[in-house]
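Remarks on the overall topology
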Amino acid sequence: MLEQKIFDDTKTAFSLKSDSELERGYFLFKMISLQPLVKIGTAVTRFALNASLPVEGLVRATVFDHFCGGVSEKDCVSTIDAMYSKNVHSVLDFSVEGKETESLFDSALERVMSLIDFAKDRPGMPFSVFKPTGFGRFEVWRKVTENETLSDKEQQEWKRIQERFHKVCKKAKACDIKLLIDAEESWMQGAVDDLVLEMMQTYNQEKPIVFTTLQCYRWDRLAYLKDLHQDGIEKGYHLGIKIVRGAYMEKERARAEEKGYDSPICKDKPETDAHFNAMLVYIFDNLEDIWAFIGTHNEESNYLAIEIMAQKEIAPDDGRVWFGQLYGMSDHISYNLAKEGYNVTKYVPFGPVKDVMPYLIRRAEENTSVAGQTNRELSLIQEERRRRKLN
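My aim in this report is to walk through the structure given alongside it, one point at a time. (Residues numbered from 1 in each chain as written. Predicted model: local features only at pLDDT ≥ 70, side-chain atom pairs only at ≥ 80, totals over all residues. Heavy atoms only, no water.)

**Section: the side chain of E184**
Examined against the element boundaries, E184 turns out to sit in the loop between β3 (178-181) and α9 (186-203). The exposure class assigned to E184 is buried, which follows from its relative accessible area of 3%. If sequence neighbours within four positions are ignored, E184 has contacts with K131, P132, T133, Q189, Q215 and Y248. (Helix = DSSP H or I, 4+ residues; strand = E, 2+ residues; numbered from the N terminus. Buried < 20%, exposed > 50% of the residue type's maximum accessible area, 1.4 Å probe, protein only. Contact = heavy atoms within 4.5 Å.)

Structure representation (structure tokens):
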């Protein structure tokens, strides 16, 4: 069993970071740790970009280059290659959010299709990814989830959403690229769950190609996972399951209170942690049917996965188990797991600076609500600065 200190190895964690990149990381996480500054900074950045003020260069040189791989696929190649030299794989994520026209949904589909082509000849890119709302309007997803009647126009939109899903899943299967489909807000997720289930039933007959995402801060997800597993056994397909804690907690609770229904979110963090770990254990107990993508920045959950793999004598590089973190965060987890031979990926967001800003602002706001995470990043960067100074 691994010594539970592997994530403290800062030399490995920051081996790809130059001194100046390390200093930039320290500066950014220091800023993120100050909640009032984040609120002011995100508001000013939004205003400056919307007003076309010349701040793009500054954004690119700071927050963008730390958390994003580049503005295009080709721009990301040097990052992909550098990470792969350390046994860390890449999932390129075209992180343009909030577009709601049919032409833009079609262009998002073509982008994901081209990313699958881009990945198929690169061993450092075993996965591709997309968000359901990249392929169709949120309101259509919501209405289908809540069983509201669709207008004729909306029925056509829903049909095109289904066609886009089939098209991209068929492409992923043909190219043997695993496809992660992100989860979003609960009041549109039911329709996503049903559609992704159809994709798994269709394209996961031989092995998992399509991976659904389960947000473990939802207290109903373990029961849902067990239902999925039973369905897979009965209908003869394999499950691809990505587990994450979740990204919409405040929004979920606020809507539940406003609309007067029970919150779908676990009551607190310990309950969420317990739920995540229970799902992790269930997946490892059923690895012959379920492949896992463990998407977490939580050290204890990563250690738990390592411990279970050791107990069950599952090889670190077993192709059914993948670990994932976001680019620019938790390098101490990613690079140290990779050094020990585990399958590791980084989600690498990319896209035009202005279009990716909503994603980056969300990242900053989420980090302010997870103070322990930001403080851990800061302490590790400080430790590596000290180590380099001494050497």
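Once the structure has been displayed, the description carries forward.
**Topic: the pairing of strand β4 (residues 210-215)**
By the criterion of burial, β4 is predominantly enclosed, with six of the six residues buried. Side chains V210, T212 and L214 project from β4 onto one buried face, and the interleaved F211, T213 and Q215 project onto a second face that is buried too. Note on the crossover from β3 through α9 to β4: the handedness is right-handed. Pairing of β4 with strand β5 (residues 239-244) involves five bridges; the strand directions are parallel. From the neighbouring strand, Q215 faces β5, where its bridge partner is V244. Following the chain from β4 across helix α10 (residues 221-235) to the adjacent parallel β5, one finds a crossover that is right-handed. (Right-handed = clockwise from strand over helix to strand, strands pointing away. Pairing = 2+ DSSP bridges.)

**Quick look at helix α5 (residues 73-84)**
Here α5 contains 12 residues, and its C-alpha end-to-end distance of 16 Å stays within 8% of the 16 Å for a straight helix at 1.5 Å per residue. The inward-facing, buried residues of α5 contact β1 (88-94), α6 (102-120), α14 (331-339) and β8 (344-350). (Expected span 1.5 Å × (residues − 1).)

**Quick notes on unusual backbone geometry**
A positive phi is found at N87, a non-glycine position, where the angle reads about 70 degrees. Relative to the helices and strands, N87 is located in the loop between α5 and β1. Of note in the backbone geometry, D176 takes a positive phi value of approximately 55 degrees without being a glycine. Locating D176 in the fold gives a position in the loop between α8 (152-175) and β3.

**Remarks on the sheet that holds β5**
An order of β1-β8-β7-β6-β5-β4-β3-β2 is seen for the eight strands of this open sheet, with the pairing classed as parallel. Among the strands making up the open sheet, the edge pair consists of β1 and β2 (127-130). On average, adjacent strands in this sheet sit at an angle of 30 degrees to one another, irrespective of strand direction. In this fold α8 packs onto β2, β3 and β4, with an angle of close to 150 degrees to the strand it touches most, β3. Contacts from α9 reach β3, β4 and β5 within the one sheet, and its direction differs from that of β4 by about 150 degrees. (Axes fitted to C-alpha atoms, helices over the stretch in contact; angles between N-to-C directions.)

**Regarding the packing of aromatic side chains**
Taken as a whole and assessed by the stated rule, the structure comprises 14 aromatic pairs. Ring centres of F29 and F67 lie 6.1 Å apart, and the angle between their planes is 80 degrees; this geometry places the pair in the edge-to-face category. One end of the pair, F29, is in helix α2 (residues 19-32); the other, F67, is in helix α4 (residues 56-67), with 38 residues separating them in the sequence. Classification of F29 as buried rests on a relative accessible area of 1%. Relative to W158, the ring of W141 lies with its centre 5.3 Å away and its plane at 85 degrees, an arrangement referred to as edge-to-face. Taken together, the residues W141 in helix α7 (residues 138-145) and W158 in helix α8 connect sequence positions 17 residues apart. Accessibility classification places W141 together with W158 in one group, the buried group. Ring pairing ties together the aromatic residues F127, F211, F293, W322 and Y347, which thus form one cluster. (Phe/Tyr/Trp six-rings, centres within 6.5 Å; stacked < 30°, edge-to-face > 60°.)

**Considering the pattern of salt bridges**
Evaluated as defined, the whole model comprises 41 salt bridges. Two residues, D117 and K120, come together in a salt bridge whose shortest N-O distance is 3.2 Å. With D117 and K120 both in helix α6 and three residues apart, this pair spans about one turn of that helix. In this structure D117 comes out as partly exposed when scored by relative accessible area, which is 30%. Across the pair D273 and K269 runs a salt bridge whose closest N-O atoms are separated by 2.8 Å. Taken as a pair, D273 and K269 lie in helix α12 (residues 269-285) at a separation of four residues, close to a single helical turn. Under the relative-accessibility criterion, D273 is labelled buried at 18%. For K269, a relative accessible area of 49% gives the class partly exposed. In this structure, a network of salt bridges that share partners links the residues R137, K143, K153, E154 and E157. (Salt bridge = Lys/Arg side-chain N within 4 Å of Asp/Glu carboxyl O.)

**So, the packing of α6 against α8**
Where α6 contacts α8, the two axes come as close as 9 Å, and the packing angle between them is 5 degrees. Taken together, the axes of α6 and α8 lie roughly parallel to each other. Side by side, α6 and α8 meet where E102, F105, D106, L109, E110, V112, M113, I116, D117 and K120 of the first sit next to E157, R160, R164, K167, V168, K171, A172 and C175 of the second. Within the contact of α6 with α8, the residues separate by chemical class into eight nonpolar, no polar and 10 charged. (Parallel < 35°, antiparallel > 145°, perpendicular 65-115°, else oblique. Nonpolar A, V, L, I, M, F, W, Y, C, P; charged D, E, K, R; others polar.)

**Comments concerning the nonpolar core**
Within soluble globular proteins, side chains that are nonpolar generally end up buried alongside one another. Core analysis: the biggest nonpolar cluster contains 81 residues, and F165, V168 and F284 have the highest contact counts within it. Looking at this core, the element that brings in the most residues is α9, giving 10 residues. Beyond its immediate stretch of four places on either side in the chain, F165 contacts F130, P132, F135, W141, I181, L195, V196 and M199. (Core = buried A, V, L, I, M, F, W, Y, C linked by side-chain atoms within 4.5 Å.)

By themselves these figures say nothing about function.
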